[in-house]
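# Commentary on secondary and tertiary structure
If you want the building blocks of each chain, they are given just below.
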Amino acid sequence: MYVVKSPLSDASLKAVSEALQGALVDLVDLALVAKQIHWNVVGQRFRSVHLQLDEVVDTARKYSDIVAERAAALGISPDGRAATVAVGSGIGVTPEGWVDDTTAVGALVDALGAVIARMRERVEATGEPDPVSQDIFIGITADLEKHHWMFQAENG
């Protein structure tokens, strides 16, 4: 059932739908991973890493909403349920328990790197069928790459 009629062709809609849904899953998981580590980080750099993690959470949450609303605008029902995120995310396993600041930073470098790689694939996949969605992915990628750079610089 389609409640909202998409301006895209069926073939374009399929490609864009996959890209938007994948991005939504990765962004929801990135927010959860960053918040989990935020609650458990310890060490000499606790405060700076703790605050930096919240910046990633804010970015991921902002863009997950933008992506979900773009999907809805195209007639795609966004799915950010926990079960969907658990099976579809490109982020690896998050450390559990207390996490020293160096490990926390490394975990975020890895998580951001995984999401960025998938976002860059989505930039390519949506260029032809939907430049509007592609533009969203370009913005997301730029902001995530900035966070990635900053976390990499944390561990030098």
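See above for the structure.
Residues numbered from 1 in each chain as written. Predicted model: local features only at pLDDT ≥ 70, side-chain atom pairs only at ≥ 80, totals over all residues. Heavy atoms only, no water.

Okay, the overall build of the protein chain next. Along its length, the protein chain carries five helices and two strands. The order of α-helices and β-strands along the protein chain, N terminus first, is α-β-α-α-β-α-α. Across its three principal axes, the protein chain shows a C-alpha extent of roughly 55 × 30 × 20 Å. Across the protein chain, every contact between residues at least 6 apart in sequence was considered, and the portion connecting residues at least 24 apart equals 83%. (Helix = DSSP H or I, 4+ residues; strand = E, 2+ residues; numbered from the N terminus. Contact = heavy atoms within 4.5 Å.)

The next point concerns the nonpolar core. Grouped together as the largest cluster of nonpolar side chains are 46 residues, with contacts concentrated most on L30, L108, I140 and L144. Put simply, the parts of the chain that give this core at least two residues each are α1 (10-40), α2 (46-73), α4 (101-126) and α5 (131-155). No other element matches α1, which puts 14 residues into this core. Dropping the residues within four chain positions of it, L30 is found in contact with V56, A60, I91, L108, A111, L112 and L144. (Core = buried A, V, L, I, M, F, W, Y, C linked by side-chain atoms within 4.5 Å. Buried < 20%, exposed > 50% of the residue type's maximum accessible area, 1.4 Å probe, protein only.)

Quick look at the pattern of salt bridges now. What the rule picks out here adds up to ten salt bridges. The partner of D26 in a salt bridge is R118, with the nearest N and O atoms 2.7 Å apart. In this pair, D26 is assigned in helix α1 and R118 in helix α4, connecting sequence segments 92 residues apart. For R118, a relative accessible area of 26% puts it in the partly exposed group. R70 is the partner of D130 in a salt bridge, and the nearest nitrogen-oxygen pair spans 2.9 Å. Within this pair, whereas D130 is found in the loop between α4 and α5, its partner R70 is found in helix α2, the two being separated by 60 residues in sequence. Residue classification places D130 among the buried residues on the basis of a relative accessible area of 4%. (Salt bridge = Lys/Arg side-chain N within 4 Å of Asp/Glu carboxyl O.)

Our next topic: α1. Each full turn of the α-helix corresponds to 3.6 residues, which orients residues three or four apart in the same direction. Helix length check: α1, at 31 residues, gives a terminal C-alpha distance of 45 Å against a target of 45 Å (1.5 Å per residue), a fit within 8%. For α1, a buried count of 22 out of 31 residues is recorded, marking the element as mostly surrounded by other parts of the structure. (Expected span 1.5 Å × (residues − 1).)

A word on the packing of α2 against α4. Two elements in contact, α2 and α4, have axes separated by 10 Å at closest approach and are oriented at 20 degrees. Taken together, α2 and α4 sit at an angle that is classed as roughly parallel. As α2 packs across α4, the resulting crossing turns out to be left-handed. Contacts between α2 and α4 involve F46, V49, L53 and V56 on the former and, on the latter, D101, A104, V105, L108 and L112. The class makeup of the residues in the contact of α2 with α4 is eight nonpolar, no polar and one charged. (Axes fitted to C-alpha atoms, helices over the stretch in contact; angles between N-to-C directions. Parallel < 35°, antiparallel > 145°, perpendicular 65-115°, else oblique. Left-handed = near helix turned anticlockwise from the far one by under 90°. Nonpolar A, V, L, I, M, F, W, Y, C, P; charged D, E, K, R; others polar.)

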